[in-house]
Structures are given as structure tokens and as C-alpha cells.
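Next come the chains, spelled out residue by residue.
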Amino acid sequence: MALIIPVSQVECQKKSWKTSLKEAISDPGQLLSLLDLSPEQLDYELDLVNDFNLRVPLPFIKKMKQGDPNDPLLLQVISQAKENNIIAGYDDDPLLEQGSQQPGLLHKYHGRVLLVLASACAINCRYCFRRHFPYQGELASGKQLQASIDYIASTPSITEVILSGGDPLIVSDNYLKQLIEKLEQIPHLKRLRIHTRLPIVIPSRITPSLSQILSNNRLKTSMVLHINHPNEIDHVLATNLKPLVQTGIQLLNQSVLLKGINDDISILSKLSEKLFECNILPYYLHQLDKVKGAAHFSVDDSRAKKLFQAMRDSLPGYLVPRLAREEAGKHAKTLIF
Ligand SMILES: *Cc1c(COP(=O)(O)O)cnc(C)c1O
Ligand code: SF4
């Protein structure tokens, strides 16, 4: 077993993001030790051999509370035995995305196209709707990436490219630079968007060169961060995001409503307020996609609506995210009122 260094002593933020990526923890026992927890303290049973393995980088572990088996960040990553329960309505591919027409490209929203740049993420979130995604055949790489670029170039109705994954920021700055250089030459493209959770789990991913690449092109660029709980936001993240804001990149946030993690009005309000302090606007509060293994995170619609109404009653309108769900085959998210 690897030597365990207490997480408080790890100088997470000074490391390069690639080192933090390599050092991500994948052993549940090691994660618990870092948090000063023993399996007996948990009121849930662990799954030590899940196909969708545990994966969490040290800077994210650092934001968890020591000794708390129900820490809201820990619960997003710890693999539990109850994920193996078979629950009706929870499937491998809830959004029917597998077997898309062009590998690495999803054109399901009007005017917007998703480029699936990477198969991996820095973190494995237990609620992830792509946890069973057979990425090998669905990646935008090499010739396939060129074919996707050709498709975008020959489809004038596409005005926005959304970099997706996995986590698109897991690719190198140089790869992103070359891709964006190609995209900005397509005259009908106006906007570039990046959906990512990487800066939350490894804030050093926002390198000066990344800020430069994202701002030094003619496309109006936004970054949709995926933050679920206010404890995920700390001063390190706030500081690292500043260069992006200063170069005019619009920051938005998309959360997933998760039972036992953020299904609480005071947590959701605090999240919105902390987001705004970092210049991030709350964009979507997403109902869980019904993926196999994630049923225990589900919040029913009536409760979701009550939470949404409570946010509307207590927050300025611009701090209330849209409550929405994704439905297979639909060309836009469905708003829930
Ligand atoms: C919803 C969504 C989109 C696109 O939908 P918008 O309504 O244009 O924001 C793109 N990527 C992800 C991951 C989404 O969840
Ligand atoms: S970062 Fe997003 S895509 Fe990656 S595992 Fe988490 S929810 Fe899934």
C-alpha cells in the first residue's frame, strides 16, 4: 500500500495540474485514511470493485471535512454498494447518446454542436450520466476530429461549438490552441463554450497559457463550470478564475440537484451567492439523469420545484438557476416550473 501523506500537508496548489491529475486517489481505503475516517464510521457500505472506479484529485479532497463520512464532497465521489441495486427506469445510456452519427460529435441542440474531446475526467462523479459511456468509439481524435470540423464548416446553422467530454480541459493547452485556431476560421461560428469540472477539482488547470488561448481568438467564449456545493468554492479557485474573467470570458455554472448533497434551500442559496462572488452566474440546476447506479441521488420533481420556488422567493433573479432536465431525443432541455 502506498505511503499516505495527510492531505493537509500536501501542497496541492503549487503542483502542476498534470501532476495533480496523475496523483489522483483511486483507492477508497486511501481516501478514507486521508480524511481520518475508518470504514466502520460510515453508515453506508462501500463498493471496492466498481467498474466506474473511484477517482478524486487531492485539491478536491482538501476541500472535504476531516472525519465526516457524510461530507457533501465525499458523497459525490465515494463508490457505494447501493449503486449496484437495479432500479427500474435507471439505464446505462439515459440520454440515448451512444451510437451517434459521427464519432466525437453530437448535434442534438439547434445551432450548437458538442465536440467530445476526451474520454476521461479528473474526477469520477458517482451521479455522472456518462458513467457507462463507451468512449473508445465516440472520441473526437485525429481524422475523426477533422471530420467533425468539416461537418461544422459545412453546416452554416451551427453558430456555437461546445467542448465536452469526459472533461475537455483534460487535453493539453497546445491541443486546445490548435483546435481553436481551426474553429475560428469557420466564418459562421460565433461562440465557443467549454463545459468543465476540472478547474473545480484541480484549480491549477487555469494556467496563464489557457487564459491566453481562450481569449486570443475571435470567438465569444464562455465556460460552464460544474459546481454542486458551496464548499467546492474556495479562495484558490476564486483567485485562479480571475484571469479568465479579466479577459472577458463569461463564467456560468451548472449544478446537478443531488439528494443529501445540495437539496436544501440554505445550501443552494449559499452556492448562488458564492458563485457570484467569483463572477460566475448560476445557469442550470439540473435534475439527475436517470443513469444506472445513481438512483440514490434522485430528488423528486415536487421537492425540486419547492426548492426552486424558495430560491425565487429569497434571491435576486440573476442568482436563480433554471431548473431543467435533459430528455432523450429533445432538442433543448426541458424547464421544470
Ligand atoms: C444542456 C447542456 C448543453 C447545451 O444546452 P444549453 O441550453 O445551450 O446550455 C451542453 N452541454 C451540456 C453538458 C449540457 O448539459
Ligand atoms: S466531471 Fe462531469 S463528465 Fe466527468 S465524471 Fe463528473 S459529471 Fe461526469
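Residues numbered from 1 in each chain as written. Chains lettered and ligands numbered in written order. Predicted model: local features only at pLDDT ≥ 70, side-chain atom pairs only at ≥ 80, totals over all residues. Heavy atoms only, no water.

Asks: Now, about the site of ligand 2: what can you tell me, with residues and values included?
Replies: Taken together, Cys121, Ile123, Cys125, Tyr127, Cys128, Gly166 and Arg197 form the complete shell of residues around ligand 2. Looking at the shell around ligand 2 residue by residue, the class counts come to five nonpolar, one polar and one charged. (Near = heavy atom within 4 Å. Nonpolar A, V, L, I, M, F, W, Y, C, P; charged D, E, K, R; others polar.)

Asks: So what's going on with the nonpolar core? Which residues, and what values?
Replies: Where a protein is soluble and globular, its nonpolar side chains tend to be buried together. The biggest cluster of nonpolar side chains holds 79 residues, and the ones touching the most others in it are Leu31, Val56 and Leu183. The element that contributes the greatest number of residues to this core is helix α5 (residues 173-183), accounting for four residues. In this structure, this core is formed jointly by two domains, domain 1 (10-84) and domain 2 (105-335), each of which donates at least three residues. Among all residues touching Leu31, those that are not within four sequence positions of it are Ile25, Leu54, Val56, Ile61, Leu74, Val77 and Ile78. Of all hydrophobic cores here, the second largest spans 13 residues; its members include Leu268, Ala304, Leu307 and Leu323. (Core = buried A, V, L, I, M, F, W, Y, C linked by side-chain atoms within 4.5 Å. Buried < 20%, exposed > 50% of the residue type's maximum accessible area, 1.4 Å probe, protein only. Helix = DSSP H or I, 4+ residues; strand = E, 2+ residues; numbered from the N terminus. Domains from an automatic or database assignment. Contact = heavy atoms within 4.5 Å.)

Asks: Residues and numbers for the site of ligand 1, please.
Replies: Around ligand 1 sit Tyr109, Arg112, Ile162, Arg193, His195, Gln254, Tyr283, Tyr284, Glu326 and Lys333, and that is every residue in its neighbourhood. Contact distances for ligand 1 include 2.8 Å between an oxygen atom and a side-chain N or O atom of Arg193. A distance of 2.6 Å is found between an oxygen atom of ligand 1 and a side-chain nitrogen or oxygen belonging to Lys333. Summarising the interface, the protein chains cover 90% of the accessible area of ligand 1, which totals 380 Å² for the free molecule. At the level of secondary structure, the elements contributing two or more residues to the shell around ligand 1 comprise β4 (191-196) and β7 (280-286). Taken together, the residues of the shell around ligand 1 break down into four nonpolar, two polar and four charged. (Polar contact = N/O pair within 3.5 Å; in protein donor to acceptor, adjacent residues only side chain to side chain. Areas by Shrake-Rupley, 256 points an atom, 1.4 Å probe, with all protein chains shown as cover.)

Asks: Requested: an account of the packing of helix α9 (residues 265-277) against helix α10 (residues 301-314), with residues and values cited.
Replies: The geometry of α9 relative to α10 is characterised by a closest axis approach of 10 Å and an angle of 55° between their N-to-C directions. Relative to α10, α9 is oriented oblique. When you trace α9 past α10, the crossing you get is right-handed. On the side of α9, the interface is formed by Ile265, Leu268, Ser269 and Ser272, while α10 contributes Leu307, Ala310, Met311 and Ser314. Residue classes in the contact of α9 with α10 are distributed as five nonpolar, three polar and no charged. (Axes fitted to C-alpha atoms, helices over the stretch in contact; angles between N-to-C directions. Parallel < 35°, antiparallel > 145°, perpendicular 65-115°, else oblique. Left-handed = near helix turned anticlockwise from the far one by under 90°.)

Asks: With reference to specific residues and values, describe the sheet that holds β7.
Replies: Taken together, nine strands build an open sheet; the order of strands is β1-β2-β3-β4-β5-β6-β7-β8-β9 and the sheet is mixed. The two strands at the open ends of the sheet, each matched to only one other strand, are β1 (105-109) and β9 (334-335). Sheet topology note: the β1/strand β2 (residues 112-116) ladder contains three bridges and is antiparallel. Note on β2: the bridge partner recorded for Tyr109 is Arg112. Packing of α5 onto the sheet brings it into contact with β2, β3 (160-164) and β4, and relative to β3 it is tilted by some 160°. (Pairing = 2+ DSSP bridges.)

Asks: With reference to specific residues and values, describe α9.
Replies: In a regular helix each residue adds 1.5 Å, so 13 residues correspond to 18 Å; α9 covers 18 Å between its end C-alpha atoms and thus fits that length. Among the residues of α9, Leu268, Ser269, Leu271, Ser272 and Leu275 are the ones counted as buried. Viewed along the axis of α9, the buried residues span an arc of 155°, placing them on a single side of the element. Buried residues in α9 make contact with β6 (250-256), β7 and α10. Residue Asn279 follows α9 closely and has a positive phi angle near 65°. (Expected span 1.5 Å × (residues − 1). Arc of directions from axis to C-beta.)

Asks: Could you give an account of the pairing of β6, naming the residues involved and the relevant values?
Replies: Here β6 lies mainly inside the structure; six of its seven residues are buried. Looking at chain direction, strand β5 (residues 220-225) and β6 are connected through four bridges and run parallel. Bridging across to β6, Leu225 finds its partner in Asn253. Here β6 pairs with β7 via six bridges, running parallel. Each bridged residue has a counterpart across the sheet, and for Gln254 the counterpart in β7 is Tyr284. Following the chain from β6 across α9 to the adjacent parallel β7, one finds a crossover that is right-handed. (Right-handed = clockwise from strand over helix to strand, strands pointing away.)

Asks: Residues and numbers for the environment of Leu251, please.
Replies: Among the secondary structure elements, Leu251 is positioned in strand β6. Under the relative-accessibility criterion, Leu251 is labelled buried at 1%. Spatially, the C-alpha atom of Leu251 lies 9.4 Å from that of Leu275, the residues being 24 residues apart in sequence. Apart from residues lying up to four places away in sequence, Leu251 is in contact with Met223, Leu241, Leu244, Val245, Cys278, Asn279, Ile280 and Leu281.

Asks: Report on the side chain of Asp173, specifying residues and quantitative values.
Replies: Positionally, Asp173 belongs in helix α5. You can call Asp173 buried: its relative accessible area is 14%. Ignoring any residue separated from it by four or fewer positions in sequence, one finds Asp173 in contact with Arg205, Thr207, Ser209, Leu210 and Ile213.

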